[in-house]
Amino acid sequence: MGRAKVAVAAAADLEVLEAIKLAESEGLITPVLIGDEDVIKQLASKIELNLEKTNLIHEPDPIQAAHKAVDAVVDGQADFLMKGLINSSDFLRAVLRSERGLRTGRLLSHLAAFQVPGYTRLLFVTDGGMNIAPDLGQKKEILENSLLYLKGIGMDLVNVIVLAANEMVNSKMPATIDAKALEDMNRKGEFTNAVVEGPLALDGAVSAVALKHKGISSQINGNVDLFLVPSIEVGNVLGKSLVYFGGATMAGIILGAQVPIVLTSRNDTPRSKLMALTMAALSRRGELS
Ligand code: COD
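Residues numbered from 1 in each chain as written. Predicted model: local features only at pLDDT ≥ 70, side-chain atom pairs only at ≥ 80, totals over all residues. Heavy atoms only, no water.

Engineer: Provide a residue-level description of the nonpolar core, including the pertinent values.
Structural biologist: Counting residues in hydrophobic clusters, the biggest one holds 77 residues, and the most contacted among them are F80, L81, F91, L102, V160 and L277. With near-sequence residues (within four places) excluded, L81 lies in contact with V6, A7, A69, V70, V73, F91, V95, L102, V259, P260, I261 and V262. (Core = buried A, V, L, I, M, F, W, Y, C linked by side-chain atoms within 4.5 Å. Buried < 20%, exposed > 50% of the residue type's maximum accessible area, 1.4 Å probe, protein only. Contact = heavy atoms within 4.5 Å.)

Below, the structure written as structure tokens:
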């Protein structure tokens with residue numbers, strides 16, 4: 001695949017630099033580091049990250065660093081973008097700026113991947129990172145973004161559960177109405193490479209035993225690949241629960257922009273950030289295939 005050039009916004013952070021070091025040594029990336037030069041150099045020497053050949057852009061203000069990182073992508077100096085030590089909303093506003101931003105006309109959305117001990121497949125969750133309270137049309141676009149990405153990395157058929165608190169459509173629970181509508185859209189052929197079922201609660205999505213007990217028939221039968229969640233809070237809490245209670249490793253990227261964008265949480269481990277860089281790098285392979 002070749003190394004991708006990654007512009008890192010507000011790079012003065014130990015875990016971010018550790019992930020960069022790992023990704024560089026795996027041959028995945030070459031970084032362009034934007035942030036406080038002195039702090040970056042100090043942290044780099046602590047972890048023995050060699051910066052001799054690294055393009056370092058001094059910008060101590062995190063928001064300005066995000067803008068300069070977006071500039072680097074727009075000007076062709078970087079292939080994709082990574083969030084460092086900066087608030088997610090501030091970072092995303094730089095991505096969405098109307099002049100020289102990274103919009104494409106599509107909805108941008110977040111896709112997270114989890115390796116969960118005891119669950120035999122990789123589990124994906126969307127959107128727990130960008131769209132706050134998507135309506136039905138936006139949920140459709142969020143699902144399309146994820147399916148496009150997953151097809152690009154080689155998943156020919158994706159088992160999608162549109163998550164809700166139960167299996168019955170209930171007019172007082174809008175998430176159940178949207179879930180049914182998305183299932184119907186798939187039946188009419190509006191999505192490719194997917195089985196889409198909903199509304200369904202989490203237990204039936206991951207356990208054939210739970211389905212049997214509840215008397216629900218499901219083609220997915222407890223083998224969910226992708227959860228489409230009703231709101232950012234559900235996705236965020238689900239993801240953090242998997243990590244903090246379930247010992248999962250998480251990776252997350254933004255889809256739908258001109259380039260893949262690595263959006264990790266400030267508390268993610270270096271390995272988690274490395275996996276997110278890998279997700280972004282794989283997305284380039286998807287574009288090429
Ligand atoms: N895709 C494409 N365009 C968008 C999107 C999107 N997902 N969101 C907004 N836009 C466009 C709008 O159409 C508009 O033209 C412009 O951007 C501004 O839209 P607003 O007013 O809704 O923008 P903001 O700045 O108020 O909000 C956008 C954010 C992405 C900053 C906001 O949605 C946000 O804070 N999301 C949550 C991020 C977060 O905290 N994640 C936490 C987990 S890491």
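Having seen it, we continue.
Engineer: How would you sum up the site of the ligand? Please name residues and give values.
Structural biologist: In the vicinity of the ligand there are 16 residues, among which S89, R93, L108, G129 and M130 approach most closely. In the model, a nitrogen atom of the ligand is placed 2.8 Å from a nitrogen or oxygen of the L108 main chain. M130 places a main-chain nitrogen or oxygen 2.9 Å from a nitrogen atom of the ligand. The fraction of the free accessible surface of the ligand (880 Å²) that becomes covered by protein chains is 61%. For the shell around the ligand, the secondary structure elements donating two or more residues are α4 (88-96) and α9 (232-244). Top contributing element to the shell around the ligand by residue count: α4, with five residues. Across the shell around the ligand, the residue classes break down as eight nonpolar, five polar and three charged. (Near = heavy atom within 4 Å. Polar contact = N/O pair within 3.5 Å; in protein donor to acceptor, adjacent residues only side chain to side chain. Areas by Shrake-Rupley, 256 points an atom, 1.4 Å probe, with all protein chains shown as cover. Helix = DSSP H or I, 4+ residues; strand = E, 2+ residues; numbered from the N terminus. Nonpolar A, V, L, I, M, F, W, Y, C, P; charged D, E, K, R; others polar.)

Engineer: Residue-level account of the environment of D178, with values.
Structural biologist: Its place among the elements puts D178 in helix α6 (residues 174-187). Along the sequence, D178 and R103 sit 75 residues apart, while their C-alpha atoms lie 26 Å from each other.

Engineer: Lay out the pairing of strand β1 (residues 4-9) in plain terms, naming residues and giving numbers.
Structural biologist: Summarising burial for β1: five of the six residues are buried, a large majority. When β1 meets strand β2 (residues 29-35), the two strands line up parallel, connected through six bridges. Note that in β2 the partner of A7 across the bridge is V32. In this fold, β1 hands off to helix α1 (residues 14-25), which returns the chain to β2; that crossover is right-handed. (Pairing = 2+ DSSP bridges. Right-handed = clockwise from strand over helix to strand, strands pointing away.)

Engineer: Account for the side chain of D127, with residues named and values stated.
Structural biologist: Among the secondary structure elements, D127 is positioned in the loop between β6 (123-126) and α5 (136-152). Salt bridges are absent for the buried D127, whose nearest opposite-charge side chain, R106, sits at 12 Å. Separated by 3.2 Å, the side chain of D127 and the backbone nitrogen of H110 make a polar contact. Ignoring any residue separated from it by four or fewer positions in sequence, one finds D127 in contact with S109, H110, I142, V229, S231 and I232. (Lys, Arg positive; Asp, Glu negative; His and termini not counted. Salt bridge = Lys/Arg side-chain N within 4 Å of Asp/Glu carboxyl O.)

Engineer: Explain the sheet that holds strand β4 (residues 80-83) to me, and be specific about the residues and the numbers.
Structural biologist: Ordered in space as β3-β2-β1-β4-β11-β10-β5-β6-β9-β7-β8, the eleven strands form an open sheet in which the pairing is mixed. Where the open sheet ends on each side, the last strands, each with one partner, are β3 (55-58) and β8 (194-200). Summarising the sheet, β4 and strand β11 (residues 261-262) pair through two bridges and their orientation is parallel. Residue pairing in the sheet places M82 in a bridge with V262 of β11. Lying on the sheet, α4 is in contact with β1, β4, β10 (249-255) and β11; it crosses β4 at an angle near 160°. (Axes fitted to C-alpha atoms, helices over the stretch in contact; angles between N-to-C directions.)

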